[in-house]
Amino acid sequence: MSMMNLLTIYLHHSLFFQWGNNDDQRREDLKKQGLIKFHPAGDLFVKQAIFNVSDPEEAAKQWSALLQAEVVSEGDTYTINIGDKQLVFKAGVENRLFKLIFHGAKQPEKLQLGQIRFDLLDKK
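Report on the accompanying structure. (Residues numbered from 1 in each chain as written. Predicted model: local features only at pLDDT ≥ 70, side-chain atom pairs only at ≥ 80, totals over all residues. Heavy atoms only, no water.)

Strand order in the open sheet formed by seven strands is β2-β3-β4-β1-β5-β7-β6, with mixed pairing between adjacent strands. Looking along the sheet, the strands with just one partner apiece sit at the ends: β2 (71-74) and β6 (109-113). Taking the axes of each pair of neighbouring strands and ignoring which way they run, one obtains an average angle of 25 degrees across the sheet. Pairing between β6 and strand β7 (residues 116-120): five bridges, direction antiparallel. Bridging across to β7, E109 finds its partner in L120. Sitting on the sheet, helix α3 (residues 56-67) is in contact with β1 (42-53), β2, β3 (77-82) and β4 (85-91), with an inclination near 150 degrees to β4. (Pairing = 2+ DSSP bridges. Helix = DSSP H or I, 4+ residues; strand = E, 2+ residues; numbered from the N terminus. Axes fitted to C-alpha atoms, helices over the stretch in contact; angles between N-to-C directions. Contact = heavy atoms within 4.5 Å.)

The end-to-end C-alpha distance of α3, which contains 12 residues, comes to 16 Å, matching closely the 16 Å that a straight helix rising 1.5 Å per residue would cover. Looking one or two residues beyond α3, the residue adopting positive phi is Q68, at roughly 55 degrees. (Expected span 1.5 Å × (residues − 1).)

We now examine the pairing of β2. Of the pairings in the sheet, the one linking β2 to β3 comprises four bridges and is antiparallel in character. Residue V72 lies in a different strand from β3, and its bridge partner there is T79. From the end of β2 to the start of β3, which pair antiparallel, there are two residues, and G75 there has a positive phi angle of about 65 degrees.

Right, dumping it as structure tokens:
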């Protein structure tokens, strides 16, 4: 079975863009262009994407190969660091993105839209 077939067993691929500059500079450029507007909840940015999957070790291994990044394991949680962001793989039956954690909120808040949970934290 090919690597791409194995990856689709666990999670569908997300779309990643690689810009010519770092995330902070890209964000500032988009603000200057008026493409990122003020949000009443605060200056939000995604810090972690948490995936609940049937085999978190294997899913993290496959994503690390795709992203060419190292997997860090702590117990049965597997994390891939991408700059200051993280993809976190935990055991679960959902086999999908389970939660997005945002930092930069004015006040902590927990939300849910469809099946995905959102934690807005007041951390920088």
